[in-house]
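The primary structure of each chain is shown beneath.
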Amino acid sequence: ETISRLMDSGVFKRTALPVQLHQSPLLSDAGAQSRETRRAEAWKIFGAADRKMRMSTVLVDGGFPVESLPSVHEAVRTGLRALCYFSGLDEAAKQDHEPSHQILHSRFIAPGLLPENAGAILARLQESANDRAEMNDQTARELHKDASVIYEHAQIALNKAVLT
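Anyway, here's the lowdown on the structure attached to this text. None of these values were measured; they are calculated from a predicted model. (Residues numbered from 1 in each chain as written. Predicted model: local features only at pLDDT ≥ 70, side-chain atom pairs only at ≥ 80, totals over all residues. Heavy atoms only, no water.)

A few words now on the overall build of the protein. Of the regular secondary structure elements, the protein holds six helices and zero strands. Listing each helix as α and each strand as β along the protein from the N terminus yields α-α-α-α-α-α. Expressed as a percentage of its 164 residues, the buried residues of the protein come to 32%. Contacts in the protein between residues at least 24 apart in sequence constitute 63% of all its contacts with a sequence separation of at least 6. As displayed, the protein has an accessible area near 10,300 Å², and 53% of this comes from carbon and sulfur atoms. (Helix = DSSP H or I, 4+ residues; strand = E, 2+ residues; numbered from the N terminus. Buried < 20%, exposed > 50% of the residue type's maximum accessible area, 1.4 Å probe, protein only. Contact = heavy atoms within 4.5 Å. Areas by Shrake-Rupley, 256 points an atom, 1.4 Å probe, with all protein chains shown as cover.)

What follows is about the pattern of salt bridges. If you walk through the whole model with that rule in mind, you get three salt bridges. Of the charged contacts in the structure, one is a salt bridge between Glu36 and Arg39, with a shortest N-O distance of 2.5 Å. Of the two residues, Glu36 and Arg39 are both situated in helix α2 (residues 30–61); the distance of three residues between them amounts to about one turn of the helix. The class of Arg39 is partly exposed, set by a relative accessible area of 26%. The salt bridge involving Arg124 is made with Asp146; its shortest N-O contact spans 3.4 Å. Within this pair, whereas Arg124 is found in helix α5 (residues 118–130), its partner Asp146 is found in helix α6 (residues 137–163), the two being separated by 22 residues in sequence. Residue class for Arg124 comes out partly exposed when judged on its relative accessible area of 32%. Residue Asp146 is classed as partly exposed on the basis of its relative accessible area of 25%. (Salt bridge = Lys/Arg side-chain N within 4 Å of Asp/Glu carboxyl O.)

All told, the structure shown has two aromatic pairs when counted by the stated rule. Both rings, one in Trp43 and one in Phe46, keep their centres 5.6 Å apart while their planes meet at 75°; by these two values the pair is edge-to-face. Of this pair, Trp43 and Phe46 both sit in helix α2, separated by three residues, roughly a single helical turn. Here Phe46 falls in the buried class, since its relative accessible area comes to 2%. Each ring, one from Phe46 and one from Tyr151, has its centre 5.2 Å from the other, and the planes form 20°; the classification is stacked. One end of the pair, Phe46, is in helix α2; the other, Tyr151, is in helix α6, with 105 residues separating them in the sequence. (Phe/Tyr/Trp six-rings, centres within 6.5 Å; stacked < 30°, edge-to-face > 60°.)

Roughly 150 Å³ of internal volume is contained in the second largest pocket. Lining the second largest pocket, in full, are Arg124, Glu127, Ser128, Asp131, Glu134, Met135, Thr139 and Leu143. A total of three residues in the lining of the second largest pocket trace back to one element, the largest contributor, which is α5. Residues of the lining of the second largest pocket, tallied by class, amount to two nonpolar, two polar and four charged. (1 Å grid on protein atoms, 1.4 Å probe; cavity = no way out; pocket = protein on both sides within 12 Å on 5 of 7 lines; lining within 4 Å. Points joined across faces, edges and corners; volume = space filled by probe spheres on them. Nonpolar A, V, L, I, M, F, W, Y, C, P; charged D, E, K, R; others polar.)

With that settled, consider the side chain of Ser68. Inspection of the secondary structure puts Ser68 in helix α3 (residues 65–86). Apart from the residues within four sequence positions on either side, Ser68 is in contact with Ser56, Leu59, Val60 and His144.

See below:
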């Protein structure tokens, strides 16, 4: 209470989000612990997505946009896995699994967390994995840009989910 009053009066300033350092096991909330565990694991998964996205960007910037597509596809899929895991969609969050179109739309597109064209972009990324021979550099750059938007939206959605 005293610290709160000091903060309200301006003597202390809060510069970071509050962090719980310790809580008595008698006061712990199993739901909060589960949520915190999910949050930590989701960010761990998203860290792998971030690495793939940075790698794909290096390839595009280096003049290899077609070669970047497998990495950007993996980045988007892994970012969506992190979002699914945090949202409690454990089946959709499994390794090498992409959320179904129905889950993608109902849980993430309809609420506005992902862009309307996310499903179409994911389908184009999947097609590019099968038909890279027919992909030209300009089309690959555009697809990378579109996929980057989904990735950024997934990151923003995960941030919003963690804060609520």
